[in-house]
Amino acid sequence: STQTKLATGRRVNSALDNPINFFTAQGLSNRASDLGNLLDSMSSGISTIQAANNGITSITKLVQSAQALASQAQQTTDTTVRAGLAAQFDAILGQINQLAGDSSFNGINLLDSNNSANLTVTLNESGSSSITVNAVDFTATGLTLNNSANNWGSTADIGLASTDLTAALTSLRSQAQSFGSNLSTVQIRQDFTK
């Protein structure tokens, strides 16, 4: 008995030694294991939200670059220059689609709702508390950004693209705030659980 206690480091090793202490310890060990699994799930959720937030940051920079191209196109009447800027604009829209598709973690993509689902993070061991982060479509189509109309041959075509870009920036900034709030909530619960 003494050798077993020394080998395991436990005073109570079986229900025969002390039933009350043994089952209390077993219950606490099970709860600690459940909380450990819960922390792993929360860490995965945090990484998924961070990947989406990094994607939004990058897409925002691309939209700002596209705005700069539209602004340059408005300052010239040369159709060749406008056509060149329009081609660059269309290439940026392609990059937006690729970034939205690449902003995933563990197979969950919160920026391309066509290819993924919402993220649900469980916040307690009983499963009665959770937070759901809704996926959005932040591809160029989801942001209502269309390829350059008529190679930006008219000022109206450029103005339409500029209006769409401004609306896209507003959507991106709003969603970044939402993801930030969700991330903060999960991190607070993770700290509490630890």
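If you're wondering where the values come from, they're calculated on a predicted model, not measured in any experiment.

**Focus: the packing of helix 2 (residues 19-74) against helix 3 (residues 79-102)**
Viewed as axis vectors pointing N to C, helix 2 and helix 3 meet at an angle of 170°, and their least axial separation amounts to 10 Å. With respect to helix 3, the element helix 2 is oriented roughly antiparallel. Facing S58, I59, L62, V63, S65, A66, L69, Q72 and A73 of helix 2, the residues of helix 3 in contact are R82, L85, Q88, F89, I92, Q95, I96, L99 and A100.

**Considerations on the packing of aromatic side chains**
Within this structure, the stated rule accounts for one aromatic pair. On the numbers, 4.9 Å between centres and 50° between planes, the contact of F89 with W152 is tilted. Residue F89 is found in helix 3, and its partner W152 is found in the loop between strand 4 (130-133) and helix 4 (155-193); the two are separated by 63 residues along the sequence. Across the pair, exposure class does not vary: F89 and W152 are buried alike.

**Comments concerning helix 3**
Over its 24 residues, helix 3 runs 35 Å from end to end, which matches the ideal 34 Å to within 8%, given 1.5 Å per residue. Turning to helix 3, its buried residues number three or more, namely R82, L85, A86, F89, I92, L93, I96 and A100. The N-cap of helix 3, judged by a side-chain oxygen 3.0 Å from the amide nitrogen of T80 a few residues on, is D78.

**A look at unusual backbone geometry**
With the exception of glycine, the majority of residues adopt a negative phi angle, and the majority of peptide bonds are in the trans configuration. Although it is not a glycine, T144 sits at a positive phi angle of roughly 60°. Inspection of the secondary structure assignment puts T144 in the loop between strand 4 and helix 4. For T144, a relative accessible area of 47% puts it in the partly exposed group. The phi dihedral of W152 falls on the positive side, at around 55°, and the residue is not glycine.

**Some remarks on the nonpolar core**
Here is a general trend for soluble globular proteins: nonpolar side chains tend to be buried in one another's company. Membership of the largest hydrophobic core comes to 44 residues, with the highest contact counts inside it found for I59, I96, L111, L145 and W152. Taken together, the elements giving at least two residues each to this core come down to helix 2, helix 3, strand 3 (119-122), strand 4 and helix 4. Once you skip the residues sitting within four places of it in the chain, L145 turns out to touch V63, L93, I96, A140, D164, L165 and A168.

**Describing the packing of helix 2 against helix 4**
Viewed as axis vectors pointing N to C, helix 2 and helix 4 meet at an angle of 160°, and their least axial separation amounts to 9 Å. With respect to helix 4, the element helix 2 is oriented roughly antiparallel. Judged by the sense of rotation from one axis to the other, the crossing of helix 2 with helix 4 is left-handed. Residue composition of the contact of helix 2 with helix 4, grouped by class: 21 nonpolar, 14 polar and two charged.

What counts and how
- Residues numbered from 1 in each chain as written.
- Predicted model: local features only at pLDDT ≥ 70, side-chain atom pairs only at ≥ 80, totals over all residues.
- Heavy atoms only, no water.
- Axes fitted to C-alpha atoms, helices over the stretch in contact; angles between N-to-C directions.
- Helix = DSSP H or I, 4+ residues; strand = E, 2+ residues; numbered from the N terminus.
- Parallel < 35°, antiparallel > 145°, perpendicular 65-115°, else oblique.
- Contact = heavy atoms within 4.5 Å.
- Phe/Tyr/Trp six-rings, centres within 6.5 Å; stacked < 30°, edge-to-face > 60°.
- Buried < 20%, exposed > 50% of the residue type's maximum accessible area, 1.4 Å probe, protein only.
- Expected span 1.5 Å × (residues − 1).
- Polar contact = N/O pair within 3.5 Å; in protein donor to acceptor, adjacent residues only side chain to side chain.
- Core = buried A, V, L, I, M, F, W, Y, C linked by side-chain atoms within 4.5 Å.
- Left-handed = near helix turned anticlockwise from the far one by under 90°.
- Nonpolar A, V, L, I, M, F, W, Y, C, P; charged D, E, K, R; others polar.

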